[in-house]
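Observations on the three-dimensional arrangement
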Amino acid sequence: MSFLAAAGARRLCAMRAVLPCLWRGKYFSSGDEPAENNSVTPMLRHLIYKIKSTGPITVAEYMKEVLTNPAKGYYMKHDMLGEEGDFITSPEISQMFGELLGIWFISEWIAAGKNAAFQLVELGPGKGTLLEDILRVFSQLGSLLKNCDISLHLVEVSQKLSEIQALTLTEEKVPLERNAESPVYMKGVTKSGIPVSWYRDLQDVPKEYSFYLAHEFFDVLPVHKFQKTPHGWREVLVDIDPQVSDKLRFVLAPCATPAETFIQDDETRDHVEVCPEAGAVIQELSQRISLTGGAALIADYGHDGTKTDTFRGFRGHRLHDVLTAPGTADLTADVDFSYLRRMSQGKVASLGPVEQQTFLRNMGIDVRLKILLDKTDEPSLRQQLLQGYNMLMNPMKMGERFNFLALVPHQRLHGRNQTNARQSKPSPSPVAGFGELAWQ
Ligand code: SAH
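So, a few notes on the structure that sits alongside this text.

Thresholds applied
Residues numbered from 1 in each chain as written. Predicted model: local features only at pLDDT ≥ 70, side-chain atom pairs only at ≥ 80, totals over all residues. Heavy atoms only, no water. Salt bridge = Lys/Arg side-chain N within 4 Å of Asp/Glu carboxyl O. Helix = DSSP H or I, 4+ residues; strand = E, 2+ residues; numbered from the N terminus. Buried < 20%, exposed > 50% of the residue type's maximum accessible area, 1.4 Å probe, protein only. Pairing = 2+ DSSP bridges. Axes fitted to C-alpha atoms, helices over the stretch in contact; angles between N-to-C directions. Core = buried A, V, L, I, M, F, W, Y, C linked by side-chain atoms within 4.5 Å. Contact = heavy atoms within 4.5 Å.

The next subject is the pattern of salt bridges. Per the stated rule, a full pass over the model turns up 19 salt bridges. Linking E99 and R368 is a salt bridge whose minimum nitrogen-to-oxygen distance equals 2.6 Å. Of this pair, E99 sits in helix 6 (residues 95–111) while R368 sits in helix 13 (residues 365–375); the two residues are 269 residues apart in sequence, bridging distant segments of the chain. Its relative accessible area of 1% is what places R368 among the buried residues. Note that E284 is salt-bridged to K207, the shortest N-O span being 3.8 Å. Here K207 lies in the loop between strand 6 (195–199) and strand 7 (210–215) and E284 lies in helix 10 (residues 276–292), a separation of 77 residues in the sequence. In this structure E284 comes out as buried when scored by relative accessible area, which is 12%. A single salt-bridge network, built from bridges that share partners, covers E99, D133, R136 and R368.

See below:
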């Protein structure tokens, strides 16, 4: 409880997004919604040219091109987060979200023996709001962290969003260093004096003791889709509609495709989505954590290997047909947490997934809300806090559909770093958020 009281001592943030906006986690089938816009976008022209030259493309290739093509990709050039954009995420809804995650990292840092230095690495940091809230907690708990050498490492492919992140996080008076050719394409210093670096790829982040954070990152990584047929698994491809020359449609591959190897032998569903890129990121994180220590916290909407067709698009806070006006809407698919756990290949221990409402409650969101409510008499701020809490915690909103998964070194759970004087065996402290709240 003492962390929460200390972190709650000062600041109440300015208004966040005016609620309600639509969040992306709600499940809808990808095929039923009406096409909202048939305009021929530059991305559609590019895809039609590509398909004409080399044949139908996989859904994974489609998603990758549409989202992160360096010239025309959806994520590359505009700000899609918040009220004016296409969707809203938890950190944009309430400051409490990032503050509790900040406490999680400090709690893990303490439990693992207060290393003299750590890197905080975020994958897909959006507007930088989550990091801003985390850093505020680090500043407020400065006496705990004062001898710890902290650095920030942001993995971001979007030029536009990296500029917004820099505006949110860095000290204006210290000019940013830019080098588009280097794996570290931008460097700066945060408002609280912490060095911050930007990369396009996790591989380029120094392999040092690190805490990793991925919030609504895995759901935008490209998925392959497969349909079970009487002839076995067939991959879903994107082709040009033969009836309408500037329209795309889904088709099934006539024979087996290489990505089929990602489907489990004992798979019982008749439609599956697999995300090899997510598997590669998890393998990299697991390898790093097993070698250098630290932990990863992954939060996203998803399932445990049970759902089928979750591929969908969002534009202007509304569902958008995934094949219409590509490049103008976000594309996303639910994260398969069972696949992520499998991809860690036993190199690290995994905790969860637990529902967002459980994780945040275990982290003390009720206490945090009370502290913040006690700080203000302003009715609009109080209402914003209560609405934000409801949005994050209500099972019908984000409370149930969003999940948290943690990856920690095996020794973290076997307590090599902590010994209980009254027992001969080491006794590990529980990993915060994944069990009942037990603040000391
Ligand atoms: N974490 C933020 C933003 C989520 S949106 C939040 O919760 O508010 C997804 C983020 O991932 C964006 O910042 C997007 O630019 C980034 N992104 C998408 N694909 C990426 C990739 N392949 N590598 C790195 N970042 C990526």
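Let's pick the thread back up.
Take the sheet that holds strand 14 (residues 318–320) next. A sheet is described by the order of its strands in space; here three strands give the open sequence 14-13-15, paired in antiparallel fashion. Each edge of the open sheet is held by one strand with a lone partner, namely strand 14 and strand 15 (330–332). Each neighbouring strand pair of the sheet contributes to a mean axis angle of 40 degrees, computed without reference to strand direction.

Right, let's get into the nonpolar core. Of all hydrophobic cores here, the largest spans 62 residues; its most connected members are W104, F118, F138, F359 and F434. When residues of this core are assigned to their parent elements, the largest contribution, nine residues, is made by helix 6. When residues no more than four places from it in sequence are discounted, the contact partners of F359 are L101, W104, L297, V354, F404, A432, G433 and F434. In this structure, V66, V236, A333 and V348 belong to the second largest nonpolar core, which totals 56 residues.

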